[in-house]
Every structure is written in C-alpha cells, then in structure tokens.
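Spelled out from the first residue to the last, the chains are:
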Amino acid sequence: MEINNIPQIKHTESGNFFLLAGPCAIEGEDMALRIAEKIVSITDNLQIPYVFKGSFKKANRSRIDSFTGIGDEKALKILQKVSQTFGVPTITDIHTNEDAAMAAQYVDILQIPAFLVRQTDLVVAAAETGKTVNLKKGQFMSPESMKHAVQKVLDCNNQNVMVTDRGTMFGYQDMIVDYRGIPTMKQFATTVLDVTHSLQQPNQTTGVTGGRPDMIETVAKAGIAVGVDGIFIETHFDPANAKSDGANMLHLDYFEGLMKKLVAIRKTINEF
C-alpha cells in the first residue's frame, strides 16, 4: 500500500513512521475534537503522517452493561467533523457487513477488529467500498497466516490494505508481542504495531479489561527499532474515566514526549 493513497495524509516525505491515534471510542464531539487538536499539533510539529482513530461503536464487549457508543450516525458524523476541522484522515472499526457501506460515507480507513479478521464476508464488504482496509491480526493467528486475509482484500481489486499486529494471547489474561512477526507481515502489506492493545490484560474476573500503560513506551520503541511502518496508540486526556479501554490508553499529557523519542529512534534507524 502507498501511504499517499490515504486522503489528506500529510508529511509523507518526512521519513517518519505514520501514526494512527485517538480515543478508543467516540464519547462525544468535544472530547474527540480536543484529542484531535492536541495530536494534530504534535504531529505537524514533528512531521509525522497522522490518521485520527476513534471507534464509532464498540460491539465486542465482555459485559452487556459495557459502553458501546453514543449512536452510530452521531459518532460517525463526529469523525467526519474531525476530518473536516483538522484536515486529517480518519479510521474506525466495523463489525458487520452493513457497517462497511455506512462507515465508508464518513471515514477514510475501515478497520477489521482482530476477533473478526477471519470473517470473509466482512473483509470483502470493507474491501469493496474502495476504502483503505486495516486488518488487525487475530490474537490467535500467526503472522504468516495474515497473508490470506490480505489476499481477500487484493482479490477485491483493492490494493489499499495494511496489517496491524496487536499482540498474541499469552495464557488467558495477558498479551505478548512477537517482534519476529513484523518483518514477516511486511512481506504481505504495510505493517502497523498497535501498542496499546498489545498491552491489554483481557478476561479479568470483573469483566473489565485491564492493561499495562507503563509499558507503552517500551513496546513502541521496540516496534520502531524493528522497522514497523506505522504505530497505533489509543490516547485520552482522562484515561481513568474513559468509557472504553481506559486501563491501557496513554494519557494525552505524555503523548508528545513519546512521539519525540520515537521520531529520534526512527531517524537513527533510517541511517542504517
């Protein structure tokens, strides 16, 4: 995939990694615009190609009383407003075939969640919109097996596909990142490392997913060092009170410092 194929993407000649970042879920217009404004300022200053991320709906929840969204169309219109306000592309998850055509009217990239990446009809529905498709690697899948998911998109005459590693299940309640998978998946498609979801601690007895945000910098630095094309990070100005995945999100206050470190590492890697 050519990153320049993503509408409104900036700073593609900088030599930097590209960034997918934003809140786990769209909780409202003010929060989305506040987070986007901060990240856009940072990425413009550091010349990082940036895509705003936000889920318009959270369908894969552990508990039935978990937050799932503020309304599909309402959230999608907020994503569209972020794009129009700041001149950046946007990405959101889809969970059903019907979601694909609906979300494609508002965002630039459709993301297939890790648990659904083997669902052929869903992947095909996303690919047939003509939008860029981001395939999350299943926690239960090998890096090598992702070539088949990529091929499903290519077979729909859509060349705009990327793969995102989000860790592999380690026992019942932890995730690990096997960095050997990065160069493997780069043979099939542009490859992203989802730092924050790789630090989830799922299947907690409370029904609320835990996480290790203290390890975000470690995992992100390692991803840049092994040559990942892009970095995916969920962030929020108040993770403790976020409505989804607050336990593993990066506090927005720490975002700029981390980006500066990653840009410095990428600059060094580019010299080899």
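Our subject in this report is the structure included herewith. (Residues numbered from 1 in each chain as written. Predicted model: local features only at pLDDT ≥ 70, side-chain atom pairs only at ≥ 80, totals over all residues. Heavy atoms only, no water.)

### Some thoughts on the pairing of strand β5 (residues 132-136)
Counted only if it meets this: A 1.4 Å probe rolled over the protein chains alone gives each residue an accessible area, and that area as a share of the maximum for its type sets the label: buried under 20%, exposed over 50%, partly exposed in between. Only DSSP runs of H or I with at least four residues qualify as helices, and only runs of E with at least two residues qualify as strands; both kinds are numbered from the N terminus onward. When the strands point away from the viewer and the path from the first strand over the helix to the second turns clockwise, the crossover is right-handed. Paired strands, as defined in this entry, are two strands with at least two bridges between them according to DSSP.
For β5, a buried count of five out of five residues is recorded, marking the element as mostly surrounded by other parts of the structure. With burial as the criterion, each face of β5 is covered, one bearing T132, N134 and K136 and the other bearing V133 and L135. Remark: the strand β4 (residues 109-112)/helix α4 (residues 120-127)/β5 crossover connection has right-handed handedness. The pairing of β5 with strand β6 (residues 161-165) spans four bridges and is classified as parallel. The residue bridging V133 from the neighbouring strand is V161, located in β6.

### Focus on the nonpolar core
When a protein is soluble and globular, its nonpolar side chains tend to lie buried together. Let me state the cut-off plainly: Throughout this description, the term nonpolar core refers to a set of buried Ala, Val, Leu, Ile, Met, Phe, Trp, Tyr and Cys residues connected via side-chain atoms within 4.5 Å.
By size, the foremost hydrophobic cluster in this structure holds 69 residues, and its most contacted members are F52, L135, F255 and M259. By residue number, the principal contributor to this core is helix α1 (residues 29-46), which donates nine residues. Membership of the second largest hydrophobic core comes to eleven residues, among which are I6, I9, I91 and F232.

### Quick notes on the pairing of strand β12 (residues 230-236)
Among the seven residues that make up β12, seven are buried, leaving the element largely enclosed by the rest of the structure. The side-chain alternation of β12 yields two buried faces, one formed by G230, F232, E234 and H236 and the other by I231, I233 and T235. When strand β1 (residues 18-22) meets β12, the two strands line up parallel, connected through five bridges. Opposite F18, over in β12, you have G230 as the bridge partner. Inspection of the sheet shows β12 paired to strand β13 (residues 250-251) by two bridges, in the parallel sense. Bridging from a neighbouring strand, T235 pairs with L250 of β13.

### Section: the packing of aromatic side chains
The criterion, for reference: Pairing of aromatic side chains requires ring centres within 6.5 Å, counting the rings of Phe and Tyr and the six-membered ring of Trp. Pairs whose planes differ by under 30 degrees are stacked, by over 60 edge-to-face, and all others tilted. Distance and angle both matter: a charge sits over a ring if NZ of Lys or CZ of Arg is within 6 Å of the ring centre and within 35 degrees of the ring normal.
If you walk through the whole model with that rule in mind, you get zero aromatic pairs. Looking at K136, its charged tip hangs above the ring of F232, at a distance of 4.6 Å from the centre.

### Some details on the side chain of T90
Test applied: Contacts are residue-level and defined by heavy atoms, with any inter-residue pair within 4.5 Å sufficient.
Relative to the helices and strands, T90 resides in strand β3 (residues 90-93). Beyond its immediate chain neighbours, meaning those up to four positions away, T90 contacts V51, F52, L79, S83, Y106, V107, D108 and I109.

### Examining helix α2 (residues 72-86)
Applicable threshold: An expected span of 1.5 Å times one less than the residue number is assigned to each helix. Here the arc refers to the set of directions running from the helix axis out to each C-beta atom.
If you check α2, its first and last C-alpha atoms are 22 Å apart, about what 15 residues at 1.5 Å a residue would give, namely 21 Å. Of all the positions in α2, only A75, L76, I78, L79, V82, S83 and F86 are classed as buried. Across the axial projection of α2, the buried residues extend over an arc of 155°, all falling on one side. In α2, the exposed positions that point more than 90 degrees away from the buried face belong to K74 and Q84. On its buried face, α2 sits against α1, β2 (50-53), β3 and α3 (97-104).

Function cannot be inferred from these measures alone, as they are strictly geometric.
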